[in-house]
Amino acid sequence: MTLAPEKKSKKTKKLSMKARYEALTRGLDWEPSYVAKDEMFPHLDYEGIKIHDWAAWEDPFRLTIDSYCKYQAEKDKRLYAVLDGFAQGQGHLSLTDASYLNAMKVFIQGVTPLEYGAHRHFAYLARHFAGPGPRFAALCQSIDEIRHMQTEIHTLSNYNKYYSGMHNWPENFDRVWYLSVPKSFFEDALSCGPFEFLIAVGFSFEYLLTNLLFVPFMSGASFNGDLPTMTFGFSAQSDESRHMTLGLEAIKFLLEQDEANVEIVQGWIDKWFWRSYRVTALVAQMLDYMLPRKVMSWKESFELYFEEQMLGGLFEDLAFYGIKPPRHVEDAIKEKELLSHQVYWTLYQFSFAAGFTTTAPTDEHLDWLSQAYPDTFDKYYRPLWEKEKKNIENGGRHFARGLPQLCQVCQVPMLFTEPGEPSVLAQHESEFEGEIYHTCSNGCQWIFDREPEKYRQAWLPVHQILQGNCGGPTVPDVLEWYGLQDGDAGEYIGSRDHKNWVAWQGEAAADTAAPTEKAGA
Amino acid sequence: MQYELKTQVIEPQRHTFTHIAKRYGDKPASRYLEGTIDVQAKEHFHYRPTWDPTREIFDDSYSIFRLTDAYSFLDPRQFYYAPYVTARAAHHEAFATSLKYIEDRGLLERLSDGWKGVLTELVIPLRHLESAGQLILCNMARFGWGASITQAAAYSGFDRVGNAQVLSRAGIALGGGTADLLTEAKQHWMDDAALQPLRKFAEETIVEADWGVALLQLDAVDHLLYDLLYQHLDDEAVNNGAPAYSLISQHMSSWFDDNRKWIDALYKAWRADPELGETNAAMLAEHGGAAVDAALAAVTPFAARIDELLGAEVNAVDRITTKAAEVRAAYTGEQA
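In this text the structure is predicted, and so the values were computed from the model without any measurement. (Residues numbered from 1 in each chain as written. Chains lettered and ligands numbered in written order. Predicted model: local features only at pLDDT ≥ 70, side-chain atom pairs only at ≥ 80, totals over all residues.)

A look at the overall build of chain B
Assigned secondary structure in chain B consists of 12 helices and 0 strands. In chain B, the succession of α and β elements from N to C terminus is α-α-α-α-α-α-α-α-α-α-α-α. Looking at chain B as a whole, 55% of its 336 residues qualify as buried. The contacts in chain B between residues at least 6 apart in sequence include a share of 70% that link residues at least 24 apart. (Helix = DSSP H or I, 4+ residues; strand = E, 2+ residues; numbered from the N terminus. Buried ≥ 20, exposed ≤ 12 C-beta atoms within 10 Å, placed from the backbone. Contact = placed C-beta atoms within 7 Å.)

Printed below as a string of structure tokens:
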């Protein structure tokens, strides 16, 4: 090899955009000589995935640092301008109703902490992948996730000043029973090696189910006068599309690298589809019950975003690699007309111990549900609410007594029914080393049986309460340990948020009315 | 004269989140605090990591350096994401302006052979060292305890990619718009005797599992190299007609000054910890001192090569030796 520096001074061939990007980002790696390569990247073998050529990773976005910073800074400037304006103008008074914020309470308690977790483990990928292309993509996502966590906090910070349920979200996340659903889900992913995490979060969560998980909150915001959250949603969109593209690139990369990877990846898709899908149970009830102004039903959302776009689109493409649609997907499809009703009915009864409030649907709302779920709602669920209406008229709003049994895997209370049998409660049991573990579905049982030594470790909130690890034996003890305050939990009608809302709307109406009266006088 | 808009006045129920109010009282809190304090989960982790079942998913035992309260360390720059990317957008724009001026005026071509040699053989290959910094800081962003630490580490790791790109862009410009000098720089990094101790140091720091110790090692080598290349040689460049070097150098040194702020604040928090401060100070003396000694050994052949290229009167070896004594004294509390 000869170095001929003189030659290039005359006739230079400038780099193309692509070549320039690669020169800036790709050549940075080197083969270590002073430590062993598997010492430098020690976590790449144990999951069984084989990568032969890290350089085959195609960067979906050719972002250099300068363009990334410039673009993101401009987006944040616009977003924070909206947040400031909304706060200054008491924009929260233009929401459809204060009860809408229950959706956002679930969001800050259950989703925002996951963004932080994603920041951490994408940093892990940015450390442990042996190729600079995927490492840089992971690092971008790691700091994007900080952005999402913070813009969510800053978006909801203004509501927190006026409404209940949002004030203690980090401690809620670590302690409150229903939040162990998203927490255990994400910690399941955080405890994985780099490749499974990439499939779990990069592919299953960010790609396969993102439209079911994330979009309903943002659409709900736009339908209910929540301008800041909607703006946040739009602002996060271009990041998300980068993350989705990363997830898709990741799966293709793994499948193309070695044929033996296909079976491992299929197992992860099977696991993480069901794991993520179970988290959407909280979203399903939010869509159908918590939004004063409805966007679409869970069933419609599931059909459009999952059956049509994923099963119909994505998995047809993945068939090329020998990937099949996820195991247990049929069970999820059978459940689409039941899920939200079963979950909300449970949350309704247990909201005395939650960081949000619930209320019985109005007649108009019941009619909407009947229409949206013609095959199931009138048959199975409307009678429950009609009966509850009578209870309420007699002053006896129903709250559950006792504590629900939780699924060992997804940690949702065992409220689901067997596929195709809406009146048969699903109760699955597995035995591991002499102990019995309960799961809520075929999917969760399959996941448990695959890795019992992992799922036996779960910190199940109800077990913990019963063992006396959650502040004490009585409900008030536990609520205090949760850090909940008066007004956070229970029934919405008559709650602190409801009373304030009525009073503030009254003042606003009086303010608007006043000048007219004067003008008329 | 001001005009008064009439708006509905509503008394807030609270002024900030409960976890912020517990520390600072119920008053409006900055976006940095609301976006940082206590946001990391800290208890009831469900599963042990498959890659290290002896620890929790987030665990403060990934480093010997610990804080009783993780949030006694705060980034003095108050960088949450928005101000961070805004500051970096300005930083890279300023560099682009300098580079354009350098290119328009043909300043790189006008450098003497000595200065060209310094850039080609020694400075541009450091893009690989920046890349090592990225790995080291990403490890810290994953395994640190508390969001104030992991956030600062992630941004600093991202900065390292930015630094590598600044050096690469200078290399592309010096190579007449081609990547030839980057290829050449990699060969220097892989083969040159002047760079091997540094590369060895980088590789050993990448595999250091304790993120606190790794930070000290990276920081020690930064102290010596950034001072030598972007302070000392910057002066030399100004005095000896190498404006292109100085115009690039200013951006590296302004980054270094900015980056020091969070690292120095972290050391300060380690020392000031009411319970662990004494232990931390002892370990800073031990591991900080050792890191400086190792870094000095690693950078000495590099500095000696500068003296060869630019002339012995540059005194590069003397400069790093003096600097090392100064940094060492800061760790150990002994006189330099």
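Next comes the rest of the write-up.
Regarding the confidence of the model for chain B
Per-residue confidence for chain B gives a mean pLDDT of 96; residues scoring 70 or more make up 99%. Reported confidence for the predicted complex is 0.96 by ipTM and 0.95 by pTM. (pLDDT = per-residue confidence, 0-100.)

Concerning the packing of helix α9 (residues 211-239) of chain B against helix α11 (residues 277-310) of chain B
Residue and element names in this part refer to chain B. Between α9 and α11, whose axes approach to 8 Å, the crossing angle comes to 30°. Relative to α11, α9 is oriented roughly parallel. In this structure, α9 crosses over α11, and the sense of that crossing is right-handed. The segment α9 lies against α11, with V213, L216, Q217, A220, V221, L224, L225, L228 and E236 engaging H287, G288, A291, V292, A294, A295, L296, A298, V299, A303 and L310. Of the residues that constitute the contact of α9 with α11, the class distribution is 16 nonpolar, 3 polar and 1 charged. (Axes fitted to C-alpha atoms, helices over the stretch in contact; angles between N-to-C directions. Parallel < 35°, antiparallel > 145°, perpendicular 65-115°, else oblique. Left-handed = near helix turned anticlockwise from the far one by under 90°. Nonpolar A, V, L, I, M, F, W, Y, C, P; charged D, E, K, R; others polar.)

Focus: the nonpolar core
Counting residues in hydrophobic clusters, the biggest one holds 250 residues, and the most contacted among them are A103(A), I199(A), L224(B), A295(B) and V299(B). Those residues within four positions of A295(B) in sequence are excluded, and the remaining contacts are F201(B), A220(B), V221(B) and L224(B). A360(A), L369(A), Y373(A) and Y381(A) belong to the second-largest nonpolar core, a separate cluster that totals 6 residues. (Core = buried A, V, L, I, M, F, W, Y, C linked by C-beta atoms within 7 Å.)

Focus: the interface of chain B and chain A
With 74 residues of chain B at the contact, the number on the chain A side is 78 residues. Of all the secondary-structure elements, those providing two or more residues to the side of chain B that touches chain A are α1 (18-24), α2 (31-34), α3 (81-104), α5 (126-143), α6 (147-174), α7 (180-191) and α8 (196-206) of chain B. Tallying contributions element by element places α6(B) first for the side of chain B that touches chain A, with 13 residues. Taken together, the residues of the side of chain B that touches chain A break down into 32 nonpolar, 26 polar and 16 charged.

Section: α3(B)
Here α3(B) is 24 residues long and its end C-alpha atoms lie 34 Å apart, about the 34 Å a rise of 1.5 Å per residue gives. Immediately downstream of α3(B), the backbone of G106(B) shows phi near 60°, a positive value. (Expected span 1.5 Å × (residues − 1).)

Concerning the packing of helix α6 (residues 112-128) of chain A against α5(B)
For the pair α6(A) and α5(B), the least separation of the axes is 8 Å and the interaxial angle reads 150°. Between α6(A) and α5(B), the interaxial angle falls into the category roughly antiparallel. Where α6(A) crosses over α5(B), the two elements pack in a sense that is left-handed. Between α6(A) and α5(B), the residues in contact are R120(A), H121(A), A123(A), Y124(A), A126(A) and R127(A) and L135(B), C138(B), N139(B), A141(B) and R142(B), respectively. In the contact of α6(A) with α5(B), the residues fall into 6 nonpolar, 2 polar and 3 charged.

Observations regarding the environment of G225(A)
All names here are of chain A. Note that G225 resides in the loop between α12 (215-223) and α13 (227-257). In sequence terms G225 and L406 are 181 residues apart; their C-alpha atoms lie 35 Å from each other. G225 has contacts with S94, L95 and T96, leaving out every residue within four places of it along the chain.

Considering α7(B)
In a regular helix each residue adds 1.5 Å, so 12 residues correspond to 16 Å; α7(B) covers 17 Å between its end C-alpha atoms and thus fits that length. Three or more residues of α7(B) are buried, namely D180(B), L181(B), L182(B), A185(B) and W189(B).

Topic: the confidence of the model for chain A
The pLDDT averaged across chain A works out to 92; a share of 95% of its residues lies at or above 70. For the stretch residues 1-11 of chain A, pLDDT sits under 50, and the model shows 6 contacts to residues farther than four places along the chain or on other chains.

Looking at unusual backbone geometry
Residue and element names in this part refer to chain A. Of note, the phi angle at Q90 is positive, near 50°, even though the residue is not glycine. In this structure, Q90 sits in the loop between α4 (65-88) and α5 (101-110). A positive phi angle is found at H328, which is not glycine, with a value near 70°. When you line up the elements, H328 lands in the loop between α15 (298-318) and α16 (329-335).

Quick word on the pairing of strand β5 (residues 435-439) of chain A
Put simply, side chains in a regular strand alternate between the two faces of the sheet. Residues and elements named next belong to chain A. Sheet topology places strand β4 (residues 428-432) next to β5; 5 bridges connect them, and they run antiparallel. Its bridge partner lying in β5, F432 is registered against E435. The hairpin formed by β4 and β5 contains 2 residues between the paired strands, and E433 there has a positive phi angle of roughly 45°. (Pairing = 2+ DSSP bridges.)

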